[in-house]
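The lines below spell out each chain.
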Amino acid sequence: MTTDAERRETTIRIRVPEMDCPSCAGKVETSVSTLSGIVEFEPQVTTGTVTVTYDPTTTDRNTIESRVEAAGYDVVREPADETITFDVPEMDCPSCAGKVENALGETDGVASFETAPTTGTVEVTVDSDGETAEGIVAAIESAGYEVVGSSQSEGSPTRQDTWTSPRALKAYAGGVLLAAGLGVQYALTGLDVSLLSTPISLTVADVLFLVAAALGGQDILRNGYYSATNLSLDIDFLMSAAIVSAVTATVISPSAHLYSEAATLAVLFSVAELLERYSMEQARNSLRELMELSPDEATVRRGGEETTVPVEDVAVGEVVVVKPGEKVPLDGVVRSGQSAVNEAPITGESVPVDKTTDDEVYAGSINEEGYLEVEVTSVAGTDTLSQIVDLVEDAQSEQTEREQFVERFAGYYTPVMVAVAVGVAVIPPLAFGWPWVEWFVAGITMLVLACPCAFVISTPVTVVSGITSAARNGVLIKGGSHLEAMGRVDAIALDKTGTLTRGELAVTDVVPLNGHTEAEVLQCARGLERRSEHPIGEAIVAHADDAAVSDREVAEFESLTGKGVQATLDGRPHYAGKPALFDDLGFDLEHVHVVADGGALETEVRGHCDRAGCLNLVEDTIPRLQAEGKTVVLVGTEDELEGIVAVADEVRPGAAETVAALRKAGVEVVMLTGDNEGTARAIAEQVGIDEYRAGLLPEDKVGAIEELQSEYGEVAMVGDGINDAPALATADVGVAMGAAGTDTAIETADVALLADDISKLPYLYDLSHGANGIIRQNIWASLGIKLLLAVGVPLGYVSVALAVLAGDAGMTLGVTGNAMRLSRLRPE
């Protein structure tokens, strides 16, 4: 017999695009099931993929793929190439990424690559016979950016603190020397003696300035060299040109005295780069925190002993032990123990959820107090948290239309500004005989303003902040375009069942009649419905069990099709069913005595009857309950009506408040449902929705979404992600409810609410709407300030220092800080 310690199962995902219906999936499953060693087969028709768990000692991937093809469906095989992710923290802007891309583009054996400045990573796919990882590192570093780790490295990459890095230390030293030089030149003039007169003139202040420029400008000049070799007209090249020009001009004409400008530019720009790197690290940390939620090790029960192993070594079916205060290492099902589990890292729900036998738990959630033994259902990398992290990373790498426009604009902006800088430096002295030193400095200052970094990063840094903030709060947004689109929606269509309501029937009212108690009514109702398989019967039995009423002896059960049920309880025939059943039994439903404590319902209707203590079931009570969207079940014997039980799909807590918040934000809310007009009207009134569409089949909801788009503009659809998939795909933004642990829902929707919590919708809209506002603020503010500074340069109001501090470092900090405001937004 194979023990847990010996068993190792492998899970793979195979792409089968032609498998697009349940029948297709059935044929594939039948074919694959003929193989030995298949543990689990899960088709996803909506995505054209199948997930197979198998015993690698019995079969392998190639054999499984062959069986899929034997069913008549082509398999899209993943290339045998190797994909490696490199950590390049200094690559923090689009121009940096461009240089890396140029270097990789000239490297043999690189099949594809993708740079992500917002995360500081480069993903490279290498041909099987192509360049080694060391060769890729050399190519990236040839562009001027250090590689500090990769997905092939042992452990996490070493990340040096921005403010203690070698560049920071050189900037500090350069700053001290710059300050000393300015002090000698303007305050302690007696110390500013000449040290050299030929071949060039140098004073003490000049030497201090040159050393400061060398220290502060070393990394700038190195990166500028790489920019030149990669034909990249970026900020490093522009600053290098400005520093070298200032020094060269002074060497040629000592009267220019531009060493101080070169030192100022070198030191301040180095500080600006450090500030930019620090601000980008803050944005990257938000994703890094997500990635670090899941533990690296798990305690596994093998052969009767507990062993701590890396999570990658845990197989599906093994049992992991989770002690109080520990994180759940992998998705699984509780097999022993009970505890309150904090699922906030996954679903954003702050209240711990009680877990007991057969309940699902997610990797990264925290065991608050009890002891749990969990059977693993997903291997490392395929669990819910891993899916979330992967999708967030993918979302951050996707460029929105606005981001693409800004990058195209920057492609024109920089060359134009460089031409303007050259014109400012050359035309006034040549055309008008104005002082060339003054206008040469003005040209250098214009070069500083030619850098487009602040408005180029304005969109991606906001998208990173918004998407990672949403993920920490249980909302998975699968791309910047969806984030922006959600903030533009004019109307939100809400599916009723499972979205506005719980999607499960529950007892809402129990009205005892003719002197019976509520417990007696529930006793009879449970006895009658216990053997029924109807959802209404199941809801009544569950409610009675929760009320802990005593059992009654049941015999001779019979289902009365279309009307109800009958059975003998404690030797006496009883009935439960529609009002029509009791009308057939000869009851006068217009005057039925209600007990003295019949509750709010009895108080409301007492005035409608001319006999005190009576309910008019026909004209008032039953229509009143039905108007509230409830199904009425009467309970009694052949001689006496004992009570009323009302059952309904309950409205979710907070649904009305959610609708009110969305409408207050200016969003029109519409309900879509397959239920009848009466039920739809009742639910709509309860939650405060004015417009609803009833009696809709899934395909009808697609037409309803298209009508809403014609009427209102951009529309978001909120549903369960499975039955509502066509409508979600038709809407401008599809939002799936309760997607945690549900692959199909996560893959289908543009946005997934990981918890079954409709109250996250106002947060989602506020976050998206706020992100759009911040992106606009960042773009226009950065452009506006650069324009203002550019106008001030020829007028003599803007110095090199002000251009660096305000136009470059200041705007980068401002843009990033403004974007990070989204991380402080929380669901109410």
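Residues numbered from 1 in each chain as written. Predicted model: local features only at pLDDT ≥ 70, side-chain atom pairs only at ≥ 80, totals over all residues. Heavy atoms only, no water.

Engineer: Account for the overall build of the protein chain, naming residues and giving values.
Structural biologist: Helices and strands together make up the secondary structure of the protein chain, namely 28 helices and 33 strands. Across the 828 residues that make up the protein chain, the buried fraction comes to 52%. Taking contacts inside the protein chain between residues at least 6 apart in sequence as the whole, the part at least 24 apart equals 67%. Accessible surface for the protein chain amounts to roughly 35600 Å². Of this, 52% is attributable to carbon and sulfur atoms. (Helix = DSSP H or I, 4+ residues; strand = E, 2+ residues; numbered from the N terminus. Buried < 20%, exposed > 50% of the residue type's maximum accessible area, 1.4 Å probe, protein only. Contact = heavy atoms within 4.5 Å. Areas by Shrake-Rupley, 256 points an atom, 1.4 Å probe, with all protein chains shown as cover.)

Engineer: So what about helix H6 (residues 204-229)? Which residues, and what values?
Structural biologist: Its 26 residues place the ends of H6 35 Å apart at the C-alpha level, agreeing with the 38 Å of an ideal helix rising 1.5 Å per residue. Glycine 217 marks the point of greatest bend in H6, at about 55 degrees. (Expected span 1.5 Å × (residues − 1). Bend = angle between axes of the 7 residues up to and from the residue.)

Engineer: Give a detailed account of the sheet that holds strand E5 (residues 110-116), specifying residues and quantitative values.
Structural biologist: Across the sheet, which stays open at both edges, the 4 strands sit in the order E5-E6-E4-E7 with antiparallel pairing between neighbours. On the outer flanks of this sheet lie E5 and strand E7 (149-150), each paired with one strand and no other. Relative to strand E6 (residues 121-126), strand E4 (residues 82-87) runs antiparallel, the two sharing 6 bridges. Across the sheet, the residue bridging to isoleucine 84 is valine 124, located in E6. Together, E5 and E6 form the strand contacts of helix H3 (residues 94-105), whose direction differs from that of E5 by roughly 175 degrees. (Pairing = 2+ DSSP bridges. Axes fitted to C-alpha atoms, helices over the stretch in contact; angles between N-to-C directions.)

Engineer: So what about the pairing of strand E10 (residues 297-302)? Which residues, and what values?
Structural biologist: With 6 bridges connecting them, E10 and strand E11 (residues 305-310) associate as antiparallel partners. Bridged to threonine 299 within E11 is threonine 308. Counted along the chain from E10 to the antiparallel partner E11, the turn is 2 residues long, and its residue glycine 303 has a positive phi close to 60 degrees. By the bridge criterion, 3 bridges tie E10 to strand E12 (residues 319-322) in an arrangement that is antiparallel. Bridging across to E12, valine 300 finds its partner in valine 320.

Engineer: Account for unusual backbone geometry, naming residues and giving values.
Structural biologist: At aspartate 358, a residue that is not glycine, the phi angle is positive and equals roughly 75 degrees. For aspartate 358, the location among the structural elements is in the loop between strand E15 (353-355) and strand E16 (360-361). Among the residues examined, aspartate 358 registers a relative accessible area of 55% and is labelled exposed. Here the phi dihedral of alanine 548 falls at roughly 55 degrees; this positive angle occurs in a residue that is not glycine. As for its placement among the helices and strands, alanine 548 is situated in the loop between helix H18 (535-547) and strand E22 (554-560).

Engineer: So what about the environment of glutamate 529? Which residues, and what values?
Structural biologist: In this fold, glutamate 529 is placed in helix H17 (residues 518-529). The spatial distance from the C-alpha of glutamate 529 to the C-alpha of glycine 577 is 9.8 Å, given a sequence separation of 48 residues. Those residues in contact with glutamate 529 that lie beyond four places of it in its chain are Gly537, Ile540, Val541, Val565, Ala576 and Val633.

Engineer: How would you summarise helix H7 (residues 235-252) if you had to cite specific residues and measurements?
Structural biologist: One turn of the α-helix equals 3.6 residues, which is why residues spaced by three or four share an orientation. Here H7 spans 25 Å end to end across 18 residues, near enough to the 26 Å set by a 1.5 Å rise per residue. Among all positions of H7, only Ile235, Asp236, Leu238, Met239, Ser240, Ala242, Ile243, Ala246, Ala249 and Thr250 are buried.

Engineer: For the sheet that holds strand E3 (residues 49-54), give the residues involved together with the corresponding values.
Structural biologist: Strand order in the open sheet made by the 3 strands is E1-E3-E2, with antiparallel pairing throughout. Only two strands of the sheet have a single neighbouring strand rather than two, namely strand E1 (10-15) and strand E2 (38-44). Neighbour-to-neighbour, the strand axes of the sheet open up by a mean angle of 15 degrees, direction not taken into account. Where E1 lies against E3, 6 bridges are found, and the strand directions are antiparallel. In the sheet register, threonine 10 faces E3, and the bridge partner there is tyrosine 54. Against the sheet, helix H2 (residues 61-70) engages E1, E2 and E3, with an angle of about 40 degrees to E1.

Engineer: Describe the nonpolar core, naming the residues involved and giving the relevant values.
Structural biologist: Formed by 69 residues in total, the largest nonpolar core has its most connected members in Ile140 and Leu265. It is helix H12 (residues 436-449) that provides the largest number of residues to this core, a total of 9 residues. Once you skip the residues sitting within four places of it in the chain, leucine 265 turns out to touch Met239, Ala242, Ile243, Ile444, Val448, Val800 and Val804. Of all hydrophobic cores here, the second largest spans 51 residues; its members include Val389, Val463, Ile689 and Val718. (Core = buried A, V, L, I, M, F, W, Y, C linked by side-chain atoms within 4.5 Å.)

Engineer: I'd like a description of the packing of H12 against helix H28 (residues 800-820), backed by residues and values.
Structural biologist: Running from amino to carboxyl end, H12 crosses H28 at an angle of 5 degrees, the nearest separation of the two axes being 9 Å. Taken together, the axes of H12 and H28 are roughly parallel relative to one another. From H12, Val441, Ile444, Thr445, Val448 and Leu449 reach across to H28, where they touch Val800, Ala803, Val804 and Gly807. Here the residues of the contact of H12 with H28 are counted per class, giving 7 nonpolar, 2 polar and no charged. (Parallel < 35°, antiparallel > 145°, perpendicular 65-115°, else oblique. Nonpolar A, V, L, I, M, F, W, Y, C, P; charged D, E, K, R; others polar.)

Engineer: I'd like a description of the pattern of salt bridges, backed by residues and values.
Structural biologist: Summed over all chains, the structure comprises 26 salt bridges. Among the ionic pairs, aspartate 219 bridges to lysine 170, the shortest N-O distance being 3.1 Å. One end of the pair, aspartate 219, is in helix H6; the other, lysine 170, is in helix H5 (residues 166-186), with 49 residues separating them in the sequence. Assigned by exposure class, aspartate 219 and lysine 170 land together as buried. Between arginine 552 and aspartate 570 there is a salt bridge, and its shortest N-O distance comes to 2.9 Å. Here arginine 552, found in the loop between H18 and E22, pairs with aspartate 570, found in the loop between strand E23 (564-569) and strand E24 (572-577); they are 18 residues apart in sequence, far enough to count as distant. (Salt bridge = Lys/Arg side-chain N within 4 Å of Asp/Glu carboxyl O.)

Engineer: Give a detailed account of the confidence of the model for the protein chain, specifying residues and quantitative values.
Structural biologist: With 88% of its residues at a pLDDT of 70 or more, the protein chain shows a mean pLDDT of 83. Taking the mean pLDDT of every element in the protein chain, the minimum, 48, falls on helix H20 (residues 599-605) and the maximum, 95, on strand E29 (residues 668-672). Contacts of residues 1-7 to residues separated by more than four positions or lying in other chains number 9 contacts, the stretch itself having pLDDT below 50. Across residues 595-612, confidence stays below pLDDT 50; counting only partners more than four residues off in sequence or on other chains, it has 26 contacts. (pLDDT = per-residue confidence, 0-100.)

Engineer: Go over the side chain of glutamate 318 with me, naming the residues and quoting the values.
Structural biologist: Mapped onto the secondary structure, glutamate 318 falls in the loop between E11 and E12. Polar side-chain contacts of glutamate 318 include one of 2.7 Å to the side chain of arginine 302. From its side chain, glutamate 318 meets the backbone nitrogen of alanine 315 in a polar contact 2.9 Å long. (Polar contact = N/O pair within 3.5 Å; in protein donor to acceptor, adjacent residues only side chain to side chain.)

Engineer: I'd love a proper account of a nonpolar patch on the surface, names of residues and values included.
Structural biologist: A contiguous nonpolar patch, built from Val422, Val426, Ile427, Leu430, Phe432 and Trp434 and spanning about 630 Å² of accessible area, is present on the exposed surface. Relative to the assigned elements, valine 422 resides in helix H11 (residues 401-432). The class for valine 422 is partly exposed, based on a relative accessible area of 48%. (Patch = residues over 30% accessible without salt bridge, like charges linked within 9 Å, V, L, I, M, F, W, Y side chains within 5 Å.)

Engineer: Describe a negative patch on the surface, with residues and values.
Structural biologist: A cluster of acidic residues, Asp296, Glu297, Glu312 and Asp313, forms a negative patch on the protein surface. Looking at where glutamate 297 falls in the secondary structure, it is placed in strand E10. What makes glutamate 297 exposed here is its relative accessible area of 52%. (Lys, Arg positive; Asp, Glu negative; His and termini not counted. Charge placed at Lys NZ, Arg CZ, Asp CG, Glu CD.)

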